[in-house]
Structures are given as structure tokens and as C-alpha cells.
Amino acid sequence: MSALFSQAWAHALGEALNASAAYRDAAATWEGALLLEWLPDPQSPPEHSVYLDLWHGACREARVGTASDTEHSAFVLRGDAVTWDALLDGRTSPITALLRGKLKLSKGSLAALLPHVAAANALVEAARQVQHSAAGIGIAPVSAPVSAPVSAPMSVPEAVAPNIVAAPAAGESVRRFQSISPTALRYDTPPMRLWDKAKRLGIWNPADIDFSQDRKDWAALADDERDFLLRLTAMFEAGEESVTADILPLMMAISDEGRLEEELYLTSFLWEEAKHVEVFRRFFDDVAGVREDLTRYHTPSYRRIFYDELPHAMGRLRTDRSPIAQARASVTYNMIVEGVLAETGYYVYHQVLQTRGIMPGMQKVSALLKGDESRHLAYGVFLLSRLVAEHGDPLWQAILARMNELVDPAVQIVHEAFACYDPTRVPFGQSAGPYVEYAMGQFEKRMARIERARAQTLADVYGGEEYETN
Ligand code: FE2
Ligand code: MN
């Protein structure tokens, strides 16, 4: 037993790392020292630090940090008491804490850490095994703030209004139609405001995009540049097909719960995803002129998310419509696939094409898609906020748990795509770093928006201002 971040704790951590086969394997290619810094709260300077000299799966030195260690460390990771507590209790993972901005890299780049996520997890696992107590250096264990219990007076009383209310006689049901009831349509709810925007902004036609200049620009690209754009588009197109195919169980669940306004909006959601499938196929047909199988561009982490996690989380709603199953589906679909992956992908497209001043058709497409996706994401943020306001902390914990499962593979998709190129000669002069940082910022904004619902009533969520966070 030794106090967190004390000399004894540092030594015990070094020993635990050297005894851990999991760490040795995961960190086999790791080179360089790590400085971990502890602050009492986010605004204060670091009060304690631990220096770990790590080399190829071994810990060569572990001790309390000194003033000159920043200079000698490849990475400096800074977190407050609440964050270290959550990491060491297993309530969050290193990459999630980084993406949420709870753990900060004050030295070193996130892109350089990405290939070592498994090593970071094994390191934290070893630290968890080192018992820590508050004795000795005056660090009181801090637990995460507990939110006030959410008791939601339903001032939107018909938020749940099943279409089929009773079966008075055998085989006979009474249907209830909201649109001819006094409830009518609640125009002033977030889904109806999104539906209104979708009707105005989501009506562009993929067949109308002019790709004539794009075709000329494509012909002038170098081979590796074509490979880069084909890879990006092959990931996108299969992603668009996935979200088109996989959303139906969610729409059925929402429809069966009698949430008419949400169902109206979701019709535009599905139609927009369908247009995204069409427009990327037009790129292959009318710009790149490729008909071959492009599955080779799908890396292991891509397959995990799109071949496994997404269809299973959504498909589960066919048989399990519990609030937690809905939240897991929405985190997977909206927060991870749309929020982290699609949005980052549009940003890559935009940066590459705009910087080079090529392919005006595809530039237009990426701007249109970004607009559509901002509404999809706003719906996801609304849905998760509604579920949190309705079901309280267990629901919020389920959101965090699902996020912890998926953030690692999602970020690995970005890393794996860039790792296919010589790092000194990535086509279009691109690198993963700025994109991962962009994804982090967007992700954190949305999570913070959803977290607000922990202290809100259902009426607050329905009365909330716009859910778009762009
Ligand atoms: Fe889409
Ligand atoms: Mn979408």
C-alpha cells in the first residue's frame, strides 16, 4: 500500500510493469520516457509527478519526477485528481480520457501515441494493480461528482404515446392517431425543428453534381494520391451503406414508442444516407472509373466497427428495445460512426481537395454531406439527452461504458489508414495528427452537451436550444 504518485508507488508501478506479460507484449515497440503529472484540480499546476523510463516492453527506471524530467520525456501526460481516480478505478481508459480532454498531452503528439493504445491500456492496468491509499502525501481519493437524482416531471406528457393503446376485444386493437388528436404536431420540439431544416437543406440531388472537372483532375493525380482518395472513398462508401442499412431497427423502435415527431425527422435521416450512398458511387463511376472490389481498403479496426459493432448494436433493437440498448445503438451510430469517423473523413476530404484546389464537384459533395450529418448528429445528441433525462445515471454510465469500448478502435481506423503510407511521404502531405485532434474537439463538445442532461428534466431537454454543435 503506498500513496498515489509517491516514490513507493512509482517503484511498485515499475515492478508491476516489469512483471506484466501483457505490458511486455503490448509495449514491445515503445521507446521513450513518460512523465505522468497529477494536479489537484484542472486549474492548478502539477503537484506530483512520476517519471517512467520505458523501453521495448520494460521499465528501466521508475521514480518521482524532477524539474528536468519534462525535457527528457517523450510524452508528458497531465491529469487532475478526478481523472487519475477514474483511470485507476477502471471507469475510463487512457484514450477516452485523452479524447474527452480530461487527460492532456502537455508534451508529445496524440498521433504518435495512437499506435501504442494497447501499451497504454496495459500500463494503466498495471497501475490499477498497485494498491494506492491516501496516506502519506495528503492526496485524498477523489471520486467523480455524483449528480443530483434526476426525477423528471413529464411536462411533455405525451412524449411516450404508444400508437396502439389497448386491445379491448380479442384480436382487436384501438389505434390512436396523434395527428388528429389535441396533441397535434409539436412543431416546437427538437426533432420537428430538424425536420424543418431537412426539408429546406437536405433536398440536393446527387445526380445534379457536375463532376466534369473532377474527372480531369483525377487523371492528373499521382498513383499514390489516387490510392489515398480511393481508400478514403472506399471507407466512406461502405460506411454510408452501413448506416443506410442499419438504421431501420432504431426507426422501428422510435415508431413503436409513438414518437411521431422523431419518426417524421428520421425519414429524412434515412433518405439522406441513401443519397450519400448514391453520391459516392457516382465518384467511383464518373470520376475514378473503377469497378473492382475495394474491400482491400478495410483495415482490421474498420472491420470491427462496420462489420461487427455497428450492425450488432443496431440489430439488437429488433429484440431488445430497452433504453440502455437504444443508448448503446445511438452511441455507436451517432457518436462514434458519424461523430468521430464520418465527420473526420469529410474534413480530410475538404482539406485535401481545397488545399490542392482540385475536384470542385467532390468539394461540393463534402460540404453538402457535412450539412446533412450535422442534423444527424444533432438528433443523436437529442436522443441521448432524452434518454439520460428519462432514465438517469444508469443510462449515462451505459453511454460512457459504450464509448470506452469503441473510442479505441475508432481512433485506430484513422491511424491504420495513414500507416499504409511511408510516414515521410503521405500523399497530399497529410498526417493523422490534426484529424485526430479535430475529432477529439468535436467529440468532447457533444459529450459535454449530453452530460448536461444529467441535471435536466425531460421538459428541459425538449425545450432545449438547438442540438447542433458545429
Ligand atoms: Fe451519411
Ligand atoms: Mn448520417
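Each remark here, short or long, concerns the structure printed above.
Residues numbered from 1 in each chain as written. Chains lettered and ligands numbered in written order. Predicted model: local features only at pLDDT ≥ 70, side-chain atom pairs only at ≥ 80, totals over all residues. Heavy atoms only, no water.

If you tally the helices and strands in the protein chain, you get 18 helices and nine strands. Counting the 470 residues in the protein chain, one finds 54% classified as buried. For the protein chain, the proportion of contacts with a sequence separation of at least 24, taken over those separated by at least 6, is 78%. Accessible surface, the protein chain as shown: approximately 20,100 Å² in total, 56% of it carbon and sulfur. (Helix = DSSP H or I, 4+ residues; strand = E, 2+ residues; numbered from the N terminus. Buried < 20%, exposed > 50% of the residue type's maximum accessible area, 1.4 Å probe, protein only. Contact = heavy atoms within 4.5 Å. Areas by Shrake-Rupley, 256 points an atom, 1.4 Å probe, with all protein chains shown as cover.)

We now examine the nonpolar core. Among the nonpolar cores identified, the biggest contains 134 residues, and Leu52, Leu229, Phe283, Met359 and Ile399 are the most heavily contacted of them. No other element matches the 16 residues that helix 14 (residues 323–356) contributes to this core. Both domains that meet at this core, namely domain 1 (2–140) and domain 2 (178–468), each give it at least three residues. The residues contacting Ile399, other than those within four sequence positions of it, are Ala327, Val331, Leu384, Val388, Met447 and Ile450. (Core = buried A, V, L, I, M, F, W, Y, C linked by side-chain atoms within 4.5 Å. Domains from an automatic or database assignment.)

Moving on, we get to the coordination of the iron ion (ligand 1). In the first shell of the iron ion (ligand 1), the protein supplies Glu240 (OE), Glu273 (OE), His276 (ND1) and Glu373 (OE), at 2.0 to 2.3 Å from the metal. Classification of the site at the iron ion (ligand 1) as irregular follows from its four donor atoms and the range of 87 to 160° in their angles at the metal. Coordination of the iron ion (ligand 1) draws on donor residues from a single chain, spaced E-x32-E-x2-H-x96-E in sequence. (Donors = N, O, S within 2.8 Å, 3.2 Å for Na, K, Ca; no water. Tetrahedral: all angles 85-135°; square planar, octahedral: opposite > 155°, others 65-115°.)

This brings us to the sheet that holds strand 2 (residues 31–39). Taken in spatial order, the five strands line up as 4-3-2-5-6 in an open sheet, and their pairing is mixed. Looking at the sheet topology across the chains shown, the edges are occupied by strand 4 (58–64) and strand 6 (103–107). Along the sheet, successive strands turn relative to each other by an average axial angle of 20°, direction set aside. In terms of strand pairing, strand 3 (residues 48–55) meets strand 4 through six bridges, oriented antiparallel. Paired with Val50 across the strands is Val64, a residue of strand 4. (Pairing = 2+ DSSP bridges. Axes fitted to C-alpha atoms, helices over the stretch in contact; angles between N-to-C directions.)

Moving on: the environment of Gln213. Structurally, the position occupied by Gln213 is in helix 9 (residues 212–219). Linking Gln213 and Met362, residues 149 residues apart in sequence, is a C-alpha distance of 9.9 Å.

Among the nine residues in strand 2, eight count as buried, and that is most of the element. The sheet contact formed by strand 2 and strand 3 spans eight bridges and is antiparallel. Bridge assignment links Trp38 to a residue of strand 3, and that residue is His48.

Turning our eyes to something else, we now look at helix 1 (residues 7–19). An α-helix turns once every 3.6 residues. As a result, residues three or four positions apart point the same way. When the terminal C-alpha atoms of helix 1 are compared, their 18 Å separation across 13 residues agrees well with the 18 Å that a helix rising 1.5 Å per residue should span. Within helix 1, the full set of buried residues consists of Trp9, Ala10, Leu13, Gly14, Ala16 and Leu17. Projection of helix 1 onto a plane perpendicular to its axis shows the buried side chains occupying an angular sector of 165°, all on one side. More than 90 degrees from the buried face of helix 1, the exposed residues found are Glu15 and Ala19. (Expected span 1.5 Å × (residues − 1). Arc of directions from axis to C-beta.)

We now examine the environment of Asn404. Note on placement: Asn404 falls in helix 16 (residues 393–418). Looking at Asn404, the relative accessible area reads 18%, which means it is buried. For the pair Asn404 and Ser93, spaced 311 residues apart in sequence, the C-alpha separation works out to 6.4 Å. Beyond its immediate stretch of four places on either side in the chain, Asn404 contacts Arg91, Thr92, Ser93 and Thr96.

The final tally for this structure, using the stated rule, is 31 salt bridges. For Asp69, the salt bridge identified is with Arg63, shortest N-O distance 2.9 Å. Across the pair Arg259 and Glu390 runs a salt bridge whose closest N-O atoms are separated by 3.5 Å. Remark: Glu390 occurs in helix 15 (residues 360–391) and Arg259 occurs in the loop between helix 11 (248–256) and helix 12 (260–288); sequence separation between them is 131 residues. Residue classification places Arg259 among the buried residues on the basis of a relative accessible area of 5%. According to the relative accessible area criterion, Glu390 is partly exposed, its value standing at 22%. What you see here is one network of salt bridges that share partners, running through Glu257, Arg259, Glu262, Arg386 and Glu390. (Salt bridge = Lys/Arg side-chain N within 4 Å of Asp/Glu carboxyl O.)

Right, let's talk about the packing of aromatic side chains for a bit. Inspection of every chain in the model, using the stated rule, returns 22 aromatic pairs. Each residue in the set Phe228, Tyr347, Phe418, Tyr421, Phe428, Tyr435 and Tyr438 is aromatic and connected to the rest through ring pairs, giving one cluster. The ring of Trp204 carries the charged tip of Lys275 above its face, separated from the ring centre by 4.6 Å. Taking the ring centre of Tyr467 as reference, the NZ or CZ of Arg449 above it sits at 4.3 Å. (Phe/Tyr/Trp six-rings, centres within 6.5 Å; stacked < 30°, edge-to-face > 60°. Lys NZ or Arg CZ within 6 Å of the ring centre and 35° of its normal.)

So, about the coordination of the manganese ion (ligand 2). Of the protein atoms, only Glu273 (OE), Glu338 (OE), Glu373 (OE), Glu373 (OE) and His376 (ND1) coordinate the manganese ion (ligand 2), at distances of 1.8 to 2.5 Å. The sequence pattern describing where the donors of the manganese ion (ligand 2) fall on their chain is E-x64-E-x34-E-x2-H. Between the manganese ion (ligand 2) and the iron ion (ligand 1), the interatomic distance is 3.4 Å, and Glu273 donates to each metal, bridging them. A residue pair is termed long-range when its members are at least 10 positions apart, and Glu273 in helix 12 and Glu373 in helix 15 qualify at 100 residues. Glu373 shares its class with Glu273; the two are buried.

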